[in-house]
Amino acid sequence: SHLKEQMPMMMGHAKKQQQLIATLPTVFRTVMKRYNLAPGDFPDISDFQSKLQEADFSKFANLKQKLIDDAEHVMSTEFPRLMEALPRALDSYPAAGPGGDG
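Computed from a prediction, not measured in an experiment: that's the story for all the values here. (Residues numbered from 1 in each chain as written. Predicted model: local features only at pLDDT ≥ 70, side-chain atom pairs only at ≥ 80, totals over all residues. Heavy atoms only, no water.)

Caption draft 1: Inspection of a nonpolar patch on the surface at higher detail. Residues Val 74, Met 75, Phe 79, Met 83 and Leu 86 make up a contiguous nonpolar surface patch of about 500 Å² in total accessible area. When you line up the elements, Val 74 lands in helix α5 (residues 65-85). (Patch = residues over 30% accessible without salt bridge, like charges linked within 9 Å, V, L, I, M, F, W, Y side chains within 5 Å. Areas by Shrake-Rupley, 256 points an atom, 1.4 Å probe, with all protein chains shown as cover. Salt bridge = Lys/Arg side-chain N within 4 Å of Asp/Glu carboxyl O. Helix = DSSP H or I, 4+ residues; strand = E, 2+ residues; numbered from the N terminus.)

Caption draft 2: Geometry of the layout of surface pockets. Considering only enclosed or pocket space, the largest pocket measures out at about 570 Å³ in volume. Residue lining of the largest pocket: 19 residues in total, with Val 31, Tyr 35, Leu 37, Phe 42 and Leu 63 positioned closest to the centre. Counting only elements with at least two residues in the lining of the largest pocket, the list comes to α1 (2-5), α3 (24-35), α4 (45-52) and α5. The biggest single contributor to the lining of the largest pocket is α3, with five residues. (1 Å grid on protein atoms, 1.4 Å probe; cavity = no way out; pocket = protein on both sides within 12 Å on 5 of 7 lines; lining within 4 Å. Points joined across faces, edges and corners; volume = space filled by probe spheres on them.)

Caption draft 3: Expanded view of the packing of aromatic side chains. Applying the stated rule across the entire model yields two aromatic pairs. Ring geometry for Phe 28 against Phe 42: centres 4.8 Å apart, planes inclined by 40°, an arrangement best described as tilted. Highlighted residues: Phe 28 in helix α3 and Phe 42 in the loop between α3 and α4, separated in sequence by 14 residues. A relative accessible area of 7% places Phe 28 in the buried class. Centroid distance Phe 28 to Phe 48: 5.8 Å. Interplanar angle 45°. Geometry classified as tilted. Here Phe 28 is found in helix α3, whereas its partner Phe 48 is found in helix α4, with 20 residues between them in sequence. Among the residues examined, Phe 48 registers a relative accessible area of 28% and is labelled partly exposed. Here a set of aromatic residues connected by ring pairs shows up, and it is made of Phe 28, Phe 42 and Phe 48. (Phe/Tyr/Trp six-rings, centres within 6.5 Å; stacked < 30°, edge-to-face > 60°. Buried < 20%, exposed > 50% of the residue type's maximum accessible area, 1.4 Å probe, protein only.)

Below you can see the structure in the form of structure tokens.
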């Protein structure tokens, strides 16, 4: 979505797209700060740059903030609640005795 937002409305699409691909590390840093993401959330820059060469940024889907908010809610609230409801694997095993088998 960020890449699409950076594209000009009328002319100069190809030039702007090549500029964004060339400056992808800066684009990644901008998106990381904007959405509070970790570097590990992003693909390898070189691989991604080569894949972007074949893409048309103007055809990318717009970001839907509600989907982001819903995913954040699931990850921060629902997922931890479900994990707490699961039986703990270590709780189902007897404690090891002095001999080490247990």
